Amino acid sequence: MTTGLLAVIDMQRVFADPDSPWATPRYAEAAAGVRRLLPAFGERVAFTRFLAPAKPEGAWRAYYDQWPFALQPPGAQLWELTDEFTDHKGHVVDAATFGKWTPELARHVGPEGRLVLAGVSTDCCVLSTALAAADAGVEVMVAADACAGADDDSHSKALQIMDLYRPLIRVTTVAEILGEAG
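As the structure is a computational prediction, the values presented were derived from the model and not from experiment.

K.L.:
Would you take a moment to explain the overall build of the protein chain for this structure?
P.N.:
Counting secondary structure elements, the protein chain contains eight helices and six strands. Counting from the amino terminus, helix and strand elements in the protein chain follow one another as β-α-α-β-α-α-β-α-β-α-β-α-β-α. Taken over C-alpha atoms, the radius of gyration comes to 15 Å for the protein chain, in line with the 16 Å a tight globule of 182 residues would show. Over its C-alpha atoms, taken along the principal directions, the protein chain stretches across nearly 45 × 30 × 30 Å. Considering the protein chain as a whole, with its 182 residues, one finds that 46% of them fall into the buried category. Considering only contacts in the protein chain between residues 6 or more positions apart, those separated by 24 or more positions represent 78%. Accessible surface computed for the protein chain: about 8,800 Å², of which carbon and sulfur atoms make up 54%. Averaging the coordinates of the 15 positive side-chain charges in the protein chain and doing the same for the 24 negative ones gives two points 3 Å apart.

The following block contains the structure:
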């Protein structure tokens, strides 16, 4: 078993559906990496879901003016985890913020823990979660090949930015996390 908590960020229909305004082009590739990681973490997995707030406040008002389709309740189909993950979901952490480093996720990691991140989108919710967790003193590992961005360039740039935070954040691969030889 691998140590730490695997946080699977926002593997939801709204990011998987190619017709969605928020489609993540390499969602399927990220999902394949997540599927490889799941068995190694057993019960130490938390899935997160990005949800729209009931009533956007502050700068979120302008955000949802740009994306009104997303103002749907938590039970709406677009917020569901994709079918391949509904049987594995275990702990689910919902947040109406890009960053998923919430008190609930922090409790699952523990005070001296390690957080392994996978999911979408590398350049938004994964990045926001990694930075906040690192600020909290948590060792963060990002499985680059189990993440996907809004596009390839944004994905690469986000990984480069996170890698600047070594040793707090380490960008790695699924194989390295699983301890697989080269």
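K.L.:
Explain the environment of R166 here, please?
P.N.:
Relative to the elements of secondary structure, R166 occurs in the loop between α7 (152–163) and β6 (169–172). Within the structure, R166 has its side chain in polar contact with the backbone oxygen of V171 (distance 3.5 Å).

K.L.:
Quick question: what am I supposed to make of a nonpolar patch on the surface here?
P.N.:
A contiguous nonpolar patch, built from I161, L164, Y165 and L168 and spanning about 390 Å² of accessible area, is present on the exposed surface. One can find L164 in the loop between α7 and β6. Accessibility expressed as a relative area gives 70% for L164, which makes it exposed.

K.L.:
Sorry if this is basic, but what is going on with the environment of H91 here?
P.N.:
Assignment of secondary structure puts H91 in strand β3 (residues 91–95). Put simply, H91 and I161 are 70 residues apart on the chain and 28 Å apart in space, counted from C-alpha to C-alpha. Apart from residues no more than four positions distant in its own chain, H91 is found in contact with E43, V45, A46, F47 and H108.

K.L.:
What is the right way to read the pairing of strand β5 (residues 139–148) from this model?
P.N.:
A regular strand places its side chains on the two faces of the sheet in alternate fashion. A large share of β5 lies buried, amounting to eight of its 10 residues. Two strands pair when backbone bridges link them, and strand β4 (residues 114–120) and β5 are joined in this way by six bridges, in the parallel orientation. By the bridge assignment, G119 is partnered in β5 with C147. With respect to chirality, the unit in which β4 leads through helix α6 (residues 122–135) into the neighbouring parallel β5 is right-handed. Judged from the four bridges that link them, β5 and β6 form a sheet pairing that is parallel. Note on β6: the bridge partner recorded for A143 is T172. Handedness of the crossover is the feature at issue here: the chain leaves β5, passes through α7, returns alongside β6, and the resulting connection is right-handed.

K.L.:
Just to check I follow, could you spell out the packing of α6 against α7 for this structure?
P.N.:
Two measures define how a pair of helices packs: the angle their axes make with one another and the distance between the axes. Contact geometry for α6 and α7: axes closest at 9 Å, N-to-C directions at 15°. Considered as vectors, α6 and α7 are oriented roughly parallel to each other. Classified by chirality, the crossing of α7 by α6 is right-handed. Between α6, through T122, D123, V126, L127 and A130, and α7, the contact on the second element is made entirely by S154, H155, A158, L159, I161 and M162.

K.L.:
Is there a simple way to explain the sheet that holds β4 in this structure?
P.N.:
Taking strand neighbours across the sheet as the criterion, the six strands line up as β3-β2-β1-β4-β5-β6 in an open arrangement whose pairing is parallel. Strands at the two margins of the open sheet, each flanked by one partner only, are β3 and β6. Taken pair by pair, the neighbouring strands of this sheet meet at an average axis angle of 25°, ignoring direction. Packing of α6 onto the sheet brings it into contact with β1 (5–9), β4, β5 and β6, and relative to β4 it is tilted by some 170°. Across the face of the sheet, α7 comes into contact with β5 and β6 while running at roughly 165° to β5.

Conventions we followed
Residues numbered from 1 in each chain as written. Predicted model: local features only at pLDDT ≥ 70, side-chain atom pairs only at ≥ 80, totals over all residues. Heavy atoms only, no water. Helix = DSSP H or I, 4+ residues; strand = E, 2+ residues; numbered from the N terminus. Rg over C-alpha atoms; globule rule 2.2 N^0.38 Å. Buried < 20%, exposed > 50% of the residue type's maximum accessible area, 1.4 Å probe, protein only. Contact = heavy atoms within 4.5 Å. Areas by Shrake-Rupley, 256 points an atom, 1.4 Å probe, with all protein chains shown as cover. Lys, Arg positive; Asp, Glu negative; His and termini not counted. Charge placed at Lys NZ, Arg CZ, Asp CG, Glu CD. Polar contact = N/O pair within 3.5 Å; in protein donor to acceptor, adjacent residues only side chain to side chain. Patch = residues over 30% accessible without salt bridge, like charges linked within 9 Å, V, L, I, M, F, W, Y side chains within 5 Å. Salt bridge = Lys/Arg side-chain N within 4 Å of Asp/Glu carboxyl O. Pairing = 2+ DSSP bridges. Right-handed = clockwise from strand over helix to strand, strands pointing away. Axes fitted to C-alpha atoms, helices over the stretch in contact; angles between N-to-C directions. Parallel < 35°, antiparallel > 145°, perpendicular 65-115°, else oblique. Left-handed = near helix turned anticlockwise from the far one by under 90°.

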